[in-house]
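# Commentary on secondary and tertiary structure
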Amino acid sequence: MEQALRGQASPAPAVRMLPTYVGSTPHGTEQGDFVVLELGAAGASLRVLWVTLTGIEGHRMESQSQEFVIPQEVMLGPGQQLFDFAARCLSEFLDALPVGNQGLKLGFNFSFPCHQTGLDRSTLISWTKGFRCSGVEGQDVVQLLQDAIERQGAYSIDVIAVVNDTVGTMMGCEREARPCEVGLVVDTGTNACYMEEARHVAVLDEDRGQACVSIEWGSFSDDGALGPVLTTFDHTLDQESLNPGAQRFEKMIGGLYLGELVRLVLAHLAQLGVLFGGCTSPALLSPGSFLLEHVAEMEEPSAGAARVHAILQDLGLSPGALDAELVQHVCAAVCMRAAQLCAAALAAILARLQHSREQQSLQIAVATGGRVFERHPRRLLEETLAPFRLTFEQLAAVQAQMRESMAKGLRGEASSLRMLPTYVCATPDGSERGDFLALDLGGTNFRVLLVRVATGGVQITSQFYSIPECVAQGSGRQLFDHIVDCIVDFQQKHGLSGQSLPLGFTFSFPCRQLGLDQGILLNWTKGFNASDCEGQDVVCLLREAIGRRQAVELNVVAIVNDTVGTMMSCGYEDPRCEVGLIVGTGTNACYMEELQNMAGVAGDSGHMCINMEWGAFGDDGSLGVLSTCFDASVDQASINPGKQRFEKMISGMYLGEIVRHILLHLTSLGVLFRGQQTQRLQTRDIFKTKFLSEIESDSLALRQVRAILENLGLPLTSDDALMVLEVCQAVSQRAAQLCGAGVAAVVEKIRENRGLEELTVSVGVDGTLYKLHPHFSHLLAATVHELAPRCAVTFLQSEDGSGKGAALVTAVACRLAQRAHV
């Protein structure tokens with residue numbers, strides 16, 4: 001690189017270091033309509049694009065394009081024939097657009113080694129990538145294209161600039177915190193470019209500014225520099241190529257050659273009797289029969305032996321039992337060497353930049369492109385998602401850790417599970433009767449309900465009231481005054497003014513109850529952060545707000561969280577329901593525990609419902625081994641870092657954010673969305689958890705999945721849609737399995753408490769994630785069955801646990817009080 005930059009003469013330079021006359025990367029303010037013609041960027045095809053630059057952040061570029069296949073006879077025929085073909089494709093594309101007679105500006109992406117003498121002057125040095133058109137080498141390709149366009153005569157087009165695909169890749173990189181000053185392409189061929197200090201490029205004779213240099217590194221080792229690592233297979237491939245002795249580095253890396261290298265190795269091993277029982281096939285012995293697509297698909301670890309067998313059989317081979325694994329090893333070895341050689345060359349560029357800029361550390365982005373990157377994204381995807389795919393052993397460990405934390409919490413020892421007594425000592429028996437008010441506070445919406453419990457069942461009348469964010473995060477007095485205002489409004493609308501009905505208050509936040517109508521708020525969750533409430537009795541806060549509102553009488557009988565309400569609601573229908581589970585905005589569980597196991601609560605016979613507050617499970621670090629960097633990012637950005645770690649891996653408030661962080665990571669690796677970071681994807685909470693449910697729906701065709709993602713402004717392909725689907729599946733599956741491990745711990749505890757060989761129990765469940773996600777309930781039930789095989793568990797979906805349940809807790813309390821009075 002340094003020799004070529006200094007202009008030192010060499011009969012066969014290892015790399016050419018050609019100036020491209022691009023002196024700056026985009027600022028993001030550029031605007032206008034442009035035509036682009038791509039030739040050589042994707043093998044035997046040509047692409048025409050219409051690009052609109054808006055200059056608007058987050059939506060800077062809009063484009064539409066059309067691809068044309070270049071016939072083999074055109075690739076190997078006269079140069080004029082090739083450029084006339086390109087001009088016809090250009091006209092055909094523009095014919096479908098409302099262009100009119102306006103003059104058009106064209107950027108020419110010509111991805112072959114050229115010597116540029118200006119932004120619009122470029123002389124072809126040599127053909128690569130299977131092209132060999134006569135009469136072009138040594139000619140200005142811009143002039144050849146301009147002449148062909150004028151011969152076509154259909155449109156007024158000026159070729160403004162010529163770049164290769166590597167420079168185009170660098171220039172098309174979205175602006176981020178780090179400047180994008182390196183372009184790397186591994187496609188049919190391979191090349192790299194970077195922004196060099198202009199004073200170091202001898203041919204420019206400039207002493208200030210920067211200049212993009214096209215390295216043309218495909219020719220590296222033409223002078224024998226790579227001799228020690230060239231194999232007999234490399235030599236054979238080179239001799240059979242269109243340009244023996246040239247582009248040696250490219251022939252070890254480029255997508256045009258990887259399949260051929262694999263073919264040569266497999267043929268050699270077959271002839272030695274190591275593969276295919278020593279048999280070959282015409283395809284195995286024919287150059288060009290193994291394509292990059294074959295290599296990428298067979299190398300994929302999840303492809304499985306059956307898929308590898310099918311590919312080999314299509315090539316006329318009869319693979320044995322061990323052949324599939326050996327072929328995968330060959331594919332992996334060839335691709336690993338290509339990646340390592342590419343990485344070594346990229347490291348040389350970065351070292352050069354760091355040294356020339358005299359910087360101790362270099363902060364820079366590298367734009368990547370090409371089919372080899374695009375055809376091997378699954379390995380990066382699998383590596384990224386691997387921590388979300390939990391084994392039976394990992395889930396059993398979570399179950400055991402939860403059992404241990406439950407026991408500690410019940411004994412009053414330090415534990416991430418608070419195991420709070422609720423003073424709910426019985427489930428409904430069906431004899432409850434009367435009218436009750438219920439309040440339901442647990443999210444961004446607040447409900448007031450009138451619940452009539454009669455012989456024929458339960459009738460509910462309810463109304464939703466919103467809680468503005470400024471109220472949820474304002475003062476406690478402001479929050480409870482707002483709640484009472486909503487109650488008064490409900491009473492007035494339903495003719496209840498002046499009546500003092502028993503009231504149950506569903507308060508779905510961690511509380512330490514000192515009685516059925518006493519609850520000390522421990523800490524806010526779910527986005528609430530009202531001041532002067534933590535450490536206070538929320539029933540007292542409600543009663544004080546009632547007192548401030550004169551002429552309002554309310555009889556607050558019980559405070560209940562939504563989990564207990566869900567258990568009681570389902571218990572009215574099924575007396576075996578002794579567990580409550582919420583999987584919605586947040587998550588929690590409760591269950592009926594033996595009173596004798598509860599330290600700090602009087603009595604040693606009977607039962608009491610325990611509010612586990614299991615969202616905080618793992619806050620002591622016990623879940624650290626399962627936490628990923630994406631969980632850490634979500635946690636750090638939350639309003640309560642370090643808290644509710646279990647909830648942040650399971651509940652609906654966080655799953656969308658976990659997915660968003662994974663998508664950002666995969667985009668930064670170039671696996672998704674062509675490596676283009678969009679402003680919307682970087683916006684917190686833009687990827688709602690409901691999108692997981694929609695994307696994973698079995699009834700949605702892939703086209704509809706793409707529509708959901710495109711509505712988020714994501715520039716995706718069909719492969720992107722499939723990979724986003726896999727990300728969503730991995731995140732939601734982990735959530736369901738972790739939830740299942742928790743439920744398994746609870747039901748096993750109940751079974752052991754009662755000394756039963758087998759337990760039959762029902763779990764009442766509520767929450768939007770459980771109800772709306774297409775697979776969550778099934779995955780949850782399957783995990784419980786696997787981890788607690790001696791428990792027959794039925795899941796009952798609560799229809800109105802938090803509202804109806806609060807009323808039923810109040811009704812049971814009234815029934816028991818009346819019985820005690822009698």
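Up top is the structure.
Right, let's walk through the structure included here. (Residues numbered from 1 in each chain as written. Predicted model: local features only at pLDDT ≥ 70, side-chain atom pairs only at ≥ 80, totals over all residues. Heavy atoms only, no water.)

### What to know about a nonpolar patch on the surface
- There is a patch of nonpolar side chains on the surface, built from Leu272, Val274, Leu322 and Leu326 and spanning about 390 Å² of accessible area.
- With respect to the helices and strands, the residue Val274 is situated in the loop between α8 (255-271) and α9 (292-299). (Patch = residues over 30% accessible without salt bridge, like charges linked within 9 Å, V, L, I, M, F, W, Y side chains within 5 Å. Areas by Shrake-Rupley, 256 points an atom, 1.4 Å probe, with all protein chains shown as cover. Salt bridge = Lys/Arg side-chain N within 4 Å of Asp/Glu carboxyl O. Helix = DSSP H or I, 4+ residues; strand = E, 2+ residues; numbered from the N terminus.)

### Structural notes on the packing of helix α3 (residues 79-95) against helix α4 (residues 141-152)
- Packing of α3 against α4 leaves a shortest axis separation of 8 Å and a crossing angle of 55°. Our classification of the angle between α3 and α4 gives oblique. Read as a crossing pair, α3 and α4 show a hand that is right-handed. Residue-level contacts link Gln80, Phe83, Asp84, Ala86, Ala87, Arg88, Leu90 and Ser91 of α3 to Val141, Leu144, Leu145, Ala148, Ile149, Arg151 and Gln152 of α4.
- Of the residues in the contact of α3 with α4, the class split is 9 nonpolar, 3 polar and 3 charged. (Axes fitted to C-alpha atoms, helices over the stretch in contact; angles between N-to-C directions. Parallel < 35°, antiparallel > 145°, perpendicular 65-115°, else oblique. Left-handed = near helix turned anticlockwise from the far one by under 90°. Contact = heavy atoms within 4.5 Å. Nonpolar A, V, L, I, M, F, W, Y, C, P; charged D, E, K, R; others polar.)

### Section: the environment of Ser508
- Residue placement: Ser508 occurs in the loop between β17 (502-507) and β18 (511-515).
- The spacing of Ser508 and Ser802 is 294 residues in sequence and 8.5 Å in space, taken between C-alpha atoms.
- With sequence-adjacent residues up to four places away left out, Ser508 is seen in contact with Leu441, Gly442, Lys526, Asn561 and Asp562.

### Things to note about the sheet that holds strand β9 (residues 180-186)
- Ordered in space as β1-β11-β10-β9-β12, the 5 strands form an open sheet in which the pairing is mixed. Looking along the sheet, the strands with just one partner apiece sit at the ends: β1 (18-19) and β12 (365-369).
- Relative to strand β11 (residues 210-214), strand β10 (residues 190-197) runs antiparallel, the two being bridged by 5 bridges. Paired with Glu196 across the two strands is Ala211, which belongs to β11. (Pairing = 2+ DSSP bridges.)

### Some thoughts on the side chain of His661
- Relative to the helices and strands, His661 is located in helix α21 (residues 652-668).
- Exposure remark for His661: the relative accessible area of 18% places this residue in the buried category.
- When neighbours within four sequence positions are excluded, His661 is seen to be in contact with Phe630, Ser633 and Val634. (Buried < 20%, exposed > 50% of the residue type's maximum accessible area, 1.4 Å probe, protein only.)

### Considering the environment of Glu594
- Tracing the chain through its elements places Glu594 in strand β22 (residues 587-594).
- We classify Glu594 as buried; its relative accessible area is 14%.
- The sequence separation of Glu594 and Pro789 amounts to 195 residues, and the corresponding C-alpha distance is 22 Å.
- Apart from residues no more than four positions distant in its own chain, Glu594 is found in contact with Gly606, His607, Asn753 and Arg754.
- Within the structure, Glu594 has its side chain in polar contact with the side chain of His607 (distance 3.3 Å). (Polar contact = N/O pair within 3.5 Å; in protein donor to acceptor, adjacent residues only side chain to side chain.)

Fair warning: the whole summary comes from geometry, so function is off the table for now.
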